[in-house]
Each structure stands twice: as C-alpha cells, then as structure tokens.
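Analysis of the macromolecular model
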Amino acid sequence: MTKPAEKISMINSINNQQQAVVIDIDDTVLNLGDRRYALYKKHFPHAGDAEDVIRADVSLAFVGERTSSAATAFMRDFLDPIVLKDYPVSAIPGAVDAIRAIQESGPKVIFMTGRHESLRQQTLADLAAVGLNWDAGDLIMHSAVNSIDPSAESEFGVFKGHSVSNILRNLDIIAVIGDRPSDIIAAFENSVPAILFGSSPEVISKETLERYSHVGFQLCKTWAQVIFHITSLQIG
C-alpha cells in the first residue's frame, strides 16, 4: 500500500516544482502551555485563574492591561531569550513525525512565527529540544523594531500575509498551517489553501470562509488529519 509521503513524492516528481508547506510554530508545533503557566505563577502568584485556561490562552488575555507592573514583568520575561531558557516547551502530539513525513516526501517546510527576531536562537533551541534541528534560513520571524503583542491579531495578519507573499515568489505553497486567524487570513489573501489546527472554526468568520471558499480550507484537530489533507492537496 502506498504511504501518504510516497504519494506526495510521486506527485512532486511529475510536476517538477519546488513546493513548500508553511507552518506556524507556537501552539501548532510547540505547546507553550507549560511556559505560559509557569510565568503566570511567577508574576501573578495570588491570581486564581484556572490552569487550563492559562495554558490555552495564546493571546495572553489573562495578563490584562499591559501597563501594570506584573503585566510588564510578565511580558518582559516572555520575550527574553535568557529567561526562556529556563522554561522549556513540548511538542504538540504528532507534530514532529508529521513534519518529518512532509520533509521526506519532498516539499520544503518553512516555519513562520510572530516571535520577534531577537528570539531566533531560542526558537531554534525550542525546536531542537523536541527533535527538530532546523535550518535558520527556513525560519521566518518578525523583524521590526518592536515585537508584536500576542493579543494583536491584526498585526500578526499583516506580517504573515507579507511573509506568505514573499515565499510565493520562489516556491509553490501547498498550504499554510496554523492555529490562529492570522495564519488562515494570510493564506486566503494569497490564494493558498489553509489548514486551521486545533482551534474552533468559529475563530474565522462565516463571511471570511464564504469569501475565500474557492481557495480551500480545512479544520484539523490532529496532525494525522493534517497529513491526510496535505496529501489530498498534492494529489488534487
């Protein structure tokens, strides 16, 4: 029986195209729940928010207004590569094997993250810690003077939209995979199929899904589902 990776490889040989899959990192490949919760307990020791809520809060809404002393300290640590070395992350189940399967089948895997460029070495270390030793050239990071606050979805969208557009100059993107609306909108606006990972479809408005219905959209709860849909996109 032909494996999914073998099917993709055969399609690549026929098309003779340099293809790529663009993947978000945080909470798509790497689970930042432990890091978020540990820093929360450090800076908000007397707060009573539920642990599962803190672990899942990718926008850091639990920090509240960024002007308080505790919030300022939290955000400083969350963006400090020296501090983050002491707060390891883990892999989302199935992510590492799935990424290796995509690579082995032919397409280039490019990570696209809203993390600031100052966190490049820490990001590479986070990936290496889960078994993904990555070429820094295939890691796209936000490089403006100021980092993007995790709550600023529109800013992420602008950065990721431009990034996908730049990648398309040299590569045929099979799909963009991510857990946030900005990942999906970045794909849609560049006419690239999008895979929303692990989130509820309600994070993308019905109007947006209808407007870009011709592009292609899938909701995947597991990386096994992601591989299935990547293979389907390749086969056509």
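Presented here is an overview of the structure given in this document. (Residues numbered from 1 in each chain as written. Predicted model: local features only at pLDDT ≥ 70, side-chain atom pairs only at ≥ 80, totals over all residues. Heavy atoms only, no water.)

Okay, the environment of Leu219 next. Looking at the element boundaries, Leu219 is found in strand E8 (residues 217–220). On the basis of relative accessibility, which here comes to 29%, the residue Leu219 falls in the partly exposed class. Considering only alpha carbons, one finds Leu219 and His162, 57 residues apart in sequence, at a separation of 23 Å. Beyond its immediate chain neighbours, meaning those up to four positions away, Leu219 contacts Leu196, Ser199, Pro201 and Gln225. (Helix = DSSP H or I, 4+ residues; strand = E, 2+ residues; numbered from the N terminus. Buried < 20%, exposed > 50% of the residue type's maximum accessible area, 1.4 Å probe, protein only. Contact = heavy atoms within 4.5 Å.)

Each regular strand carries side chains that alternate between the two faces of the sheet. Extensive coverage of strand E1 (residues 19–23) is indicated by the burial of five of its five residues. Neither face of E1 is left uncovered, since the one carrying Gln19, Val21 and Ile23 and the one carrying Ala20 and Val22 both have all their residues buried. Relative to strand E6 (residues 172–178), E1 runs parallel, the two being bridged by five bridges. For Ile23, the partnering residue across the bridge sits in E6 and is Ile177. Of the pairings in the sheet, the one linking E1 to strand E4 (residues 108–116) comprises four bridges and is parallel in character. Counterpart to Val21 in the pairing with E4 is Val109. (Pairing = 2+ DSSP bridges.)

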